[in-house]
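# Structural characterization, general
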Amino acid sequence: MRHRGKTLLGITAATVLAASLTACGSDSSTTGAGKGPAGLQDAGVLNECVALSYEPLEYYENGTSGKVIGWDVDAAREVGKLLGVETKVNVMEFDGLIPGLQSGRCDLAWSGMYISKERVQVADAVPVLQAGNEVVLKNAVAAKVKEPLDLCGLRIAAQTGTSAETTMKDTSDECKAAGKPGITVTGYPGSVDAIPAIRSGKLDGLVDTNVLTATLGKKNDDLTPVPGLFPVENWFGAFTDKGSKLSPEIEKAIHTLIENGTLAKLAEKYGLNPDQVAKVDTKAL
């Protein structure tokens, strides 16, 4: 995904203000006591922003409360250690992440967000993990799906504002062009919020990144991920404000974590494929 291959929504003054008001919690982890590099909004603090819940990338340790953990979050804390500062994790809505960078609320947004041409126009990004969209369906439905047009006529949930939602809508258009019924795409704040509706029979499944769908398949015996329908060609990124003095410092720290194997080890810890961790020379676009 979170989730996500999210499309960039319009950035307005109101949106930026909203981003500063949508945070619903924070979780501080002391990783150093220095003032840190230039570009930090608060000296000695790396304000990292995430949107929950997107296991295994970012989620509450106790499900709905407690420490915020996950591959993205632990990696950002490792960045804080390299910078010699405290890392503070700020929880907000996904659509507030980029505005959060622009308004100064966030120094770093590392939260299951795809690198896109639209996003790199307003933010700097470092590729960190490869991913792509994938559907997870009720078992009986999944057995009948072998290609994208097999989704025609199904009821699929997607996180609002994501590339997954766009992918389903585009596939629905392809269905109609082929003379088949379209896909009923229902938006949710988070795709996992649709699980109760799937279990009740109101939906056939959901679409998100293969990172999330693999986790859902392991945790839900009644759901089956269907790989191979869409290409795995996107990159999750770690984002900083466009042109920030902090951007090269973050990039350097992330490349260090790639080279010393820290990100790969964290990937194994959270059940991700370490081979999908970016290389130092990875070009996302």
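Residues numbered from 1 in each chain as written. Predicted model: local features only at pLDDT ≥ 70, side-chain atom pairs only at ≥ 80, totals over all residues. Heavy atoms only, no water.

For soluble globular proteins, the rule of thumb is that nonpolar side chains tend to be buried together. Counting residues in hydrophobic clusters, the biggest one holds 46 residues, and the most contacted among them are Trp71, Val79, Trp110, Leu129, Phe236, Ile254 and Leu263. Going through the elements one at a time, α2 (71-83), β6 (108-114), β7 (123-131), α7 (195-199), α8 (210-219), β13 (234-241), α9 (247-259) and α10 (262-269) are the ones with two or more residues in this core. Setting aside its immediate chain neighbours within four residues, Ile254 contacts Val79, Trp110, Val126, Val128, Ala238 and Leu263. In terms of nonpolar packing, the next biggest core, distinct from the first, is built from 18 residues, Val135, Leu137, Leu151 and Cys152 among them. (Core = buried A, V, L, I, M, F, W, Y, C linked by side-chain atoms within 4.5 Å. Buried < 20%, exposed > 50% of the residue type's maximum accessible area, 1.4 Å probe, protein only. Helix = DSSP H or I, 4+ residues; strand = E, 2+ residues; numbered from the N terminus. Contact = heavy atoms within 4.5 Å.)

Looking now at the sheet that holds strand β11 (residues 205-209). Within the open sheet, the five strands sit side by side as β10-β9-β11-β8-β12. Their pairing is mixed. Edge positions in the open sheet fall to β10 (184-188) and β12 (223-226), since each of these has one partner strand only. Looking at each pair of strands side by side, their axes are set apart by 30 degrees on average, direction ignored. By the bridge criterion, four bridges tie strand β8 (residues 133-138) to β12 in an arrangement that is antiparallel. Looking across to β12, one finds that Val135 is bridged to Val226. (Pairing = 2+ DSSP bridges. Axes fitted to C-alpha atoms, helices over the stretch in contact; angles between N-to-C directions.)

Topologically, Leu137 is positioned in strand β8. The spacing of Leu137 and Asp204 is 67 residues in sequence and 5.9 Å in space, taken between C-alpha atoms. Other than its neighbours up to four places away in sequence, Leu137 contacts Ala142, Val145, Leu151, Ile156, Asp204, Gly205, Asp222, Leu223, Thr224 and Val226.

Between the first and last C-alpha of α9 there are 18 Å, a value that for 13 residues agrees with the 18 Å anticipated at 1.5 Å per step. Where α9 is concerned, the buried positions are Ser247, Ile250, Ala253, Ile254, His255, Leu257 and Ile258. The inward-facing, buried residues of α9 abut β2 (45-50), α2, β6, β7, β13 and α10. Of the residues flanking the end of α9, it is Gly261, one or two places downstream, whose phi is positive at about 85 degrees. (Expected span 1.5 Å × (residues − 1).)

Summarising burial for β11: five of the five residues are buried, a large majority. Here β8 pairs with β11 via five bridges, running antiparallel. The residue of β11 that forms the bridge with Val135 is Val207. Across three bridges, the pairing between strand β9 (residues 155-159) and β11 is parallel. Its bridge partner lying in β11, Ala158 is registered against Val207.

Close inspection of predicted coordinates is inappropriate for parts of the model with low pLDDT. Per-residue confidence for the protein chain gives a mean pLDDT of 88, with 88% of residues at or over 70. Confidence drops under a pLDDT of 50 for residues 6-24, and excluding neighbours within four residues, the segment shows 38 contacts in the predicted structure. Confidence drops under pLDDT 50 across residues 28-33; counting only partners more than four residues distant or on other chains, this segment forms 17 contacts. (pLDDT = per-residue confidence, 0-100.)

Turning to the state of the cysteines, a few remarks are in order. A full pass over the atoms with the stated rule returns two disulfides. In this model Cys49 forms its disulfide with Cys106; the gap between the sulfur atoms is 2.1 Å. Disulfide Cys49-Cys106: the torsion about the S-S bond is -95 degrees, which places it as left-handed. Of the two residues, Cys49 is situated in strand β2 and Cys106 in the loop between α3 (97-103) and β6; the sequence distance between them amounts to 57 residues. In this structure Cys106 comes out as buried when scored by relative accessible area, which is 2%. Between Cys152 and Cys175 runs a disulfide, and the two sulfur atoms are separated by 2.0 Å. Since a negative S-S torsion denotes a left-handed disulfide, the Cys152-Cys175 link at about -90 degrees is left-handed. Residue Cys152 is found in the loop between α5 (139-142) and β9, and its partner Cys175 is found in helix α6 (residues 163-177); the two are separated by 23 residues along the sequence. Taken in sequence order, the bonded cysteines of the protein chain link in the pattern 1-2, 3-4. (Disulfide = S-S within 2.5 Å.)

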